[in-house]
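Breakdown of the fold
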Amino acid sequence: MEDLRFNGLTNWLEVSGGALEHNIALFRRLLNPGTALLAVVKANAYGHGLEQVAGVCVSSGVEMLGVHTAGEVVALRRMGVGVPIMVMGYLTPQQIADAIDPEVHVLLSSYQVLEALAARGRALGASLPVHVKVDTGTHRQGVDPGEAAKLAAAAHGAGLTVAGVATHFANIEDTTDHSYAYLQLERFRGAVTAVQEQVGRVRWVHAACSAAALLFREADFGMVRVGISLYGHWPSKETHLSWLLEHGRDGVKLEPALSWRARVGQVKKVEAGAPIGYGLTYRPTRTTLIAVLPVGYAEGYPRALSSRSRVLLRGRAAPVVGRVCMNIFMVDVTDIPDVRDGDVATLIGADGDERITAEELAENAGTINYEILSRLSPTLSRVVVK
Ligand SMILES: *Cc1c(COP(=O)(O)O)cnc(C)c1O
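Residue positions are counted from 1 within each chain, in the order its sequence is given. Local features are withheld for residues below a pLDDT of 70 in this predicted model, meaning they are given only at 70 or higher, and side-chain atom pairs are given and counted only at 80 or more; totals for whole chains, interfaces and linings count all residues. Side-chain measures were taken over the full set of non-hydrogen atoms in the model, leaving aside hydrogen atoms and water.

1. What to know about the layout of surface pockets
- Every definition here rests on a 1 Å grid over the protein atoms only: cavities are sets of points where a 1.4 Å probe fits but cannot get out, pockets are open sets enclosed by protein on both sides within 12 Å along at least five of seven lines, and lining residues have some atom within 4 Å of a point. Grid points are joined across faces, edges and corners, and a volume is the space filled by probe spheres set on the points. The space that makes up the largest pocket amounts to roughly 970 Å³.
- The wall of the largest pocket is formed by 39 residues, among which Glu173, Ile228, Pro235, Asn369 and Tyr370 lie closest to the centre.
- The nonpolar class holds Ala, Val, Leu, Ile, Met, Phe, Trp, Tyr, Cys and Pro. Asp, Glu, Lys and Arg form the charged class, and all remaining residues, Gly among them, are polar. Grouping the amino acids of the lining of the largest pocket by side-chain chemistry returns 15 nonpolar, 13 polar and eleven charged.
- Note: domain ranges come from an automatic or database domain assignment. When residues of the lining of the largest pocket are sorted by domain, at least three fall in each of domain 1 (31–247) and domain 2 (258–385).

2. A few points about the site of the ligand
- Throughout, near means a residue has at least one heavy atom within 4 Å of the molecule or strand. Around the ligand, a shell composed of 14 residues is seen, among which Lys42, Tyr46, Ser210, Ile228 and Tyr370 lie nearest.
- Between a nitrogen atom of the ligand and a side-chain N or O atom of Arg225, the distance comes to 2.8 Å.
- The contact in question runs from an oxygen atom of the ligand to an N or O atom on the backbone of Gly227, over 2.9 Å.
- In these tables, accessible area is a Shrake-Rupley quantity obtained with a 1.4 Å probe, and a residue counts as shielded only by the protein chains included in the view. In isolation the ligand exposes 390 Å². Once the protein is present, 93% of that is buried.
- Comparing atom positions with the cavity grids shows the ligand to sit within the largest pocket. Here a polar contact is recorded for every N or O atom pair within 3.5 Å, except that within protein the pair must consist of a potential hydrogen donor and a potential acceptor, and residues adjacent in sequence are included only if both atoms are side-chain atoms. Pocket or cavity membership: a molecule qualifies when more than half of its atoms sit within 2 Å of the grid points of that site.

3. Some remarks on the side chain of Glu14
- Positionally, Glu14 belongs in strand β1 (residues 11–16).
- With a relative accessible area of 12%, Glu14 lands in the buried category.
- A polar contact is formed between the side chain of Glu14 and the side chain of Arg261, at a distance of 3.1 Å.
- It only takes one pair of heavy atoms within 4.5 Å for two residues to be counted as in contact. If we skip the residues at most four places from it in the chain, Glu14 touches Phe6, Ala257, Leu258, Ser259, Arg261, Val383 and Val385. Secondary structure elements follow DSSP: runs of H or I of four or more residues count as helices, runs of E of two or more count as strands, with numbering from the N terminus. Note on classification: 1.4 Å probe, protein chains only; a residue is buried when its accessible area is under 20% of the maximum for its type, exposed when over 50%, partly exposed between these limits.

4. Side note on the domain arrangement of the protein
- Taken domain by domain, the protein comprises domain 1 (31–247) and domain 2 (258–385).
- Taking only C-alpha atoms, the centre of domain 1 and the centre of domain 2 are 37 Å apart.
- Contacts between domain 1 and domain 2 engage 13 residues on the former and twelve residues on the latter.
- By definition, the buried area sums, over both parts, the 1.4 Å-probe accessible area that each loses when the two are put together. Buried surface at the junction of domain 1 and domain 2, both sides included, amounts to about 1,100 Å², of which 55% is carbon and sulfur.
- In the sections that follow, a salt bridge refers to a side-chain nitrogen of Lys or Arg positioned within 4 Å of a carboxyl oxygen of Asp or Glu. Linking domain 1 to domain 2 there are one salt bridge.
- Residues Glu363 and Lys237 are paired through a salt bridge, measuring 3.2 Å at the closest nitrogen-oxygen approach.

5. Digging into the pairing of strand β6 (residues 129–133)
- Among the five residues in β6, five count as buried, and that is most of the element.
- Neither face of β6 is left uncovered, since the one carrying Pro129, His131 and Lys133 and the one carrying Val130 and Val132 both have all their residues buried.
- Note: strand β5 (residues 104–108) against β6, three bridges, orientation parallel. Along β6, the bridge assignment pairs Val106 with Val130.
- If you view a crossover with the strands going away from you and the path from the first strand over the helix to the second runs clockwise, you call it right-handed. As a crossover connection, the stretch from β5 through helix α6 (residues 111–124) into β6 is right-handed.
- Sheet analysis places β6 next to strand β7 (residues 161–166), joined by five bridges and oriented parallel. Bridge pairing in β7 links Pro129 to Thr161.
- What joins β6 to β7 is helix α7 (residues 148–157), and the crossover it makes is right-handed. Two strands pair if DSSP finds at least two bridges between them.

In structure tokens, the structure reads:
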């Protein structure tokens, strides 16, 4: 079971290439035939590692990669990624001048960005692709549905290629009532029609994130933008429940791609009543054996999990005791025989028949799986495994 690549590490992430491939194949089966798949790899691929994930996505044939920043475009270019990239976040004119090339599609919501892209296009002698971002009710990025055709015409007039029209849903993950999503879809259809009347047919129409791609075939259009579920996670309990209400138990078996391991740095005895860790917050009621793990909130293990979580060691659960520190936390291993320095603990993932999910950590920390994953420190070693 020990992989030699882990010998030099105290703490690492394993990213299952097979799980990513499985999840991509699952969306291929689920989506309307011919729907393109944009793999969202922003936030260091939801903590899984941009380079590691992009490689698997490209070899699995995804049509586009989605990022948030110019820095992520530069990183993908350095890796020599050969599929188009879509930037979904704000870009400064300087970033556009430095980082945008004709294979980068930009979600367009602003006339300042439009001008900077037009200038960049002229400098390159190319017509850069943009996707008009329509705010259909999320009230975040994008222009109002009534303004979309005007923005498209301005982009077209400035020498840009209007390659797409896009929107983003506000309220699929948080509810099993999808009336607001359907209202957004109605507004989106109107905006798509208006844009196409203005500039002709556009290549890419897209609205769906993971939740919509799982639940609504009518939101497929030409492409879907899948993030969290590419990594094997339901966007929320409500999304999973909506699926189950409609389809029963079968069909979608997402496979989580990430495991987080750390080696035990020390095992020691603490007397009953003696405090463990900063703030003296935890006092065992019996003589206790603790294992000290070289991981903490700086690595992305939330401090909110102080005395509120567990890890797996030798296939058994060991509760977190005391505060999570910056680079260290402690677990109770009294009931697990033979734990030794160097043993591998599982913070997220499976060990034997037991499994700890990102959702379990999120629930205990008062947050969502997205935040647990995306805040895994970029400094952790990430290793692709089968
Ligand atoms: C992050 C993001 C997505 C992916 O959302 P998931 O819920 O992770 O699938 C899709 N579209 C946009 C615009 C995003 O910012």
